[in-house]
Amino acid sequence: ISVVVLDLTMPALSGDRALPELKAIRPDVVVVASSGYDERDARQRFAGHELAGFLRKPYTAGQLAARIKALVK
């Protein structure tokens, strides 16, 4: 797994709670946050956790592909 896209609001385990769990399993995982909230609000929820990027919903498949391509070399 090269990149994980985490939605801020997910059932059972929100993205901001899932991120530290992912990092505990694989510290080098690249994580992009996705949310309908604006980027500043979303990044505040992920404060203290390393995010590689943010995608505001709705986004296109092309936008997602471009973001991932920029992150995975």
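See the structure above.
Residues numbered from 1 in each chain as written. Predicted model: local features only at pLDDT ≥ 70, side-chain atom pairs only at ≥ 80, totals over all residues. Heavy atoms only, no water.

### Some thoughts on the overall build of the protein
When helices and strands are counted, the protein shows three helices and three strands. Across the protein, helices and strands are ordered from the amino to the carboxyl terminus as β-α-β-α-β-α. Computed over the C-alpha atoms, the radius of gyration of the protein is 12 Å, within 12% of the 11 Å expected from 2.2 N^0.38 for a compact globule of 73 residues. Viewed in the frame of its principal axes, the protein has a C-alpha envelope of about 30 × 25 × 20 Å. Expressed as a percentage of the 73 residues in the protein, the buried residues total 32%. For the protein, contacts bridging at least 24 residues in sequence account for 47% of all contacts bridging at least 6. Of the roughly 4700 Å² that the protein leaves accessible, carbon and sulfur atoms contribute 57%. With 11 positive and 8 negative side-chain charges, the protein shows a spacing of 5 Å between the two charge centroids. (Helix = DSSP H or I, 4+ residues; strand = E, 2+ residues; numbered from the N terminus. Rg over C-alpha atoms; globule rule 2.2 N^0.38 Å. Buried < 20%, exposed > 50% of the residue type's maximum accessible area, 1.4 Å probe, protein only. Contact = heavy atoms within 4.5 Å. Areas by Shrake-Rupley, 256 points an atom, 1.4 Å probe, with all protein chains shown as cover. Lys, Arg positive; Asp, Glu negative; His and termini not counted. Charge placed at Lys NZ, Arg CZ, Asp CG, Glu CD.)

### Let's talk about the nonpolar core
Ranked by size, the top nonpolar core spans 12 residues in total: Val-4, Leu-6, Leu-8, Ala-18, Leu-19, Val-29, Val-31, Ala-33, Ala-42, Phe-46, Leu-51 and Phe-54. Residue assignment for this core shows that the elements contributing at least two residues are strand E1 (3-7), helix H1 (15-25) and strand E2 (30-35). Discounting residues that sit within four places of it in the chain, Leu-8 has contacts with Ser-14, Gly-15, Asp-16, Ser-34, Ser-35, Tyr-37, Ala-42, Arg-45 and Phe-46. (Core = buried A, V, L, I, M, F, W, Y, C linked by side-chain atoms within 4.5 Å.)

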